[in-house]
Each structure stands twice: as C-alpha cells, then as structure tokens.
Amino acid sequence: MDAFGHVNHARLVTLLEEARVPLLFGDTGASESSTGGIAQFAKGIVVVRLHVDYRAPIVVDGGEIRVEIALADLKYASFTLDYRVRTGPSEEDPVAATATTVLAPYDLERGRPRRLTESERDFLATHVPSGGRA
C-alpha cells in the first residue's frame, strides 16, 4: 500500500496477474483441455504491453475486490485482455481501475515470441468472456 493506505501501482499490477493466471493456466498439469487451461501457455507467455487507468483508490482494509477480465482482441501472435477492478466483490461496486494487457506466447527454448496454436485461439475465444474495452 502507499502512504495513504491505498493499493499502490505495483500491487495492482500483481492483482491483475493473480486474476489472469487461473483463467489462462487453470490446471497446467492437464493436457490442453477445455476446462483446465492451455498447457502450452505454461511453457511461456509474456506481457507485451500494460496500461492502467485509475478512477478511485482501493483502500487496504482487508476487504475483497473484484477483477473482471474480458478478451478484447485475438490475433495470431497475441491477444489483449481488458480488466475492470472494482472496490468490492460485487459487480455493483464502483470501478477503481481499468487496465489492458497485450500478451504473447513465447518460446523459451528459442528465446522469441511464437504464434498462438489453433487450440490456444479456440480456448481463448471459448473460455474468456469477450467484449473488452474496459
């Protein structure tokens, strides 16, 4: 938290990651299943771009917050997720921040980005709510 008792920028970015990981990776020990995430993502994925807009502070008081994620764009070598971070656990709670991440699959062995596989694209299109543009 910052000096005013608010969630700071670094922690907010971590909250976005903590919301994104179970959505994309699910049970990474599983094969590329429709409910367990995509095993290939666990082999390498990078954040290409991150943008955060703040609307209201999130006070550190031990309460829950809500992070909503939507698929905003799906390309052949990247995808964009939009986030709404609410001050409480309800979809009626005020939006404290909106954010966007562009993510790309990454080949760790070759040290370079790679294209999304057809099963990865299908998984994203099917299991991540679409709409985006927080």
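For the structure, check the block above.
The model shown is predicted, which means the values in this text are computed figures rather than measured ones. Just so you know, the residues in each chain are numbered from 1, in the order the chain's sequence is written. The predicted origin of the model limits local features to residues at a pLDDT of at least 70 and limits the giving and counting of side-chain atom pairs to 80 or more, whereas totals for whole chains, interfaces and linings rest on all residues. Based on all heavy atoms of the structure, the side-chain values leave hydrogens and waters out of the count.

A.B. asks: Whenever I open this one, the nonpolar core confuses me. Can you help?
C.D. replies: Soluble, globular proteins show a tendency: their nonpolar side chains are buried together. By nonpolar core we mean a set of buried residues, namely Ala, Val, Leu, Ile, Met, Phe, Trp, Tyr and Cys, connected to one another through side-chain atoms within 4.5 Å. Here the term buried applies to any residue with accessible area under 20% of the maximum for its type, exposed to any over 50%, and partly exposed to those in between, with areas from a 1.4 Å probe on protein chains only. In this structure, Leu12, Leu24, Phe41, Phe79, Leu81 and Leu124 are the most contacted members of the largest nonpolar core, which totals 24 residues. A helix here means a DSSP run of H or I that spans at least four residues, while a strand means a run of E at least two residues long, and both kinds are numbered starting from the N terminus. For this core, the elements supplying multiple residues, two or more each, are helix H1 (9-25), strand E2 (66-74), strand E3 (79-86), strand E4 (95-107) and helix H2 (118-127). Contact definition: two residues touch when any of their heavy atoms are within 4.5 Å. Residues in contact with Leu12, not counting those within four places in the same chain, are Val7, Val52, Tyr54, Ile58, Val85 and Ala97.

A.B. asks: Would you mind showing me how to read the pattern of salt bridges here?
C.D. replies: Pairs can form between side chains of opposite charge whenever their charged atoms are close. Here, a salt bridge means any Lys or Arg side-chain nitrogen found within 4 Å of an Asp or Glu carboxyl oxygen. Applying the stated criterion across every chain yields a total of 7 salt bridges. Here Arg110 makes a salt bridge to Asp107, at a shortest N to O gap of 4.0 Å. Connected through shared salt-bridge partners, Arg66, Glu68, Arg86 and Glu91 make up one network.

A.B. asks: So what exactly am I meant to see when it comes to the pairing of E2 here?
C.D. replies: Looking down a regular strand, the side chains alternate between one sheet face and the other. Two strands are counted as paired when DSSP detects at least two bridges linking them. Relative to E3, E2 runs antiparallel, the two being bridged by 8 bridges. Directly across from Arg66, in E3, lies its bridge partner Arg86. Counted along the chain from E2 to the antiparallel partner E3, the turn is 4 residues long.

A.B. asks: Teacher, can you tell me more about the side chain of Asp82 here?
C.D. replies: The topology assignment puts Asp82 in strand E3. What makes Asp82 buried here is its relative accessible area of 3%. Reaching out from Asp82, the side chain makes a polar contact with the side chain of Thr100 at a distance of 2.9 Å. For this analysis, a polar contact is any N or O atom pair within 3.5 Å, provided that within protein one partner can donate a hydrogen and the other can accept it, and provided that sequence-adjacent residues contribute only side-chain to side-chain pairs.

A.B. asks: Help me out: how do you make sense of H2 in this one?
C.D. replies: Side chains that are three or four residues apart share a direction in an α-helix, a result of its 3.6 residues per turn. Every buried residue of H2 is listed here: Glu120, Arg121, Phe123 and Leu124. An end-on view of H2 places all buried positions within 160° of arc, on one side of the element. Projecting away from the buried face of H2 at angles above 90 degrees are the exposed residues Glu118, Ala125 and Thr126. Note: the arc covers the axis-to-C-beta directions of the helix.

A.B. asks: Help me out: how do you make sense of the environment of Val128 in this one?
C.D. replies: Mapped onto the elements, Val128 comes out in the segment after H2. Classification of Val128 by relative accessible area gives buried; the value is 2%. For the pair Val128 and Leu81, spaced 47 residues apart in sequence, the C-alpha separation works out to 9.0 Å. Dropping the residues within four chain positions of it, Val128 is found in contact with Leu23, Ala70, Leu71, Leu81 and Phe123.

A.B. asks: Whenever I open this one, the packing of aromatic side chains confuses me. Can you help?
C.D. replies: Think of a pair of aromatic rings as described by two things: how far the centres are apart, and how the planes are tilted against each other in angle. Only Phe, Tyr and Trp rings are paired, with Trp represented by its six-membered ring, and only when their centres lie within 6.5 Å; those with planes under 30 degrees apart are stacked, over 60 edge-to-face, the remainder tilted. Per the counting criterion, the structure on display carries 0 aromatic pairs. Charge over a ring is defined by NZ of Lys or CZ of Arg lying within 6 Å of the ring centre and within 35 degrees of the ring normal. Above the ring of Tyr76, the side-chain terminus of Arg121 is found at 4.2 Å from the ring centroid.

A.B. asks: Help me out: how do you make sense of H1 in this one?
C.D. replies: Look at H1: 24 Å from first C-alpha to last across 17 residues, which is about the 24 Å you get at 1.5 Å a residue. When we look at burial in H1, the residues that qualify are Leu12, Leu15, Leu16, Arg20, Leu24 and Phe25. Buried-residue contacts for H1 involve strand E1 (45-54), E2, E3, E4 and H2. Two residues or fewer past H1, Gly26 is found with a positive phi of approximately 45°. Expected helix span is given by 1.5 Å per residue-to-residue step, counting one fewer step than there are residues.

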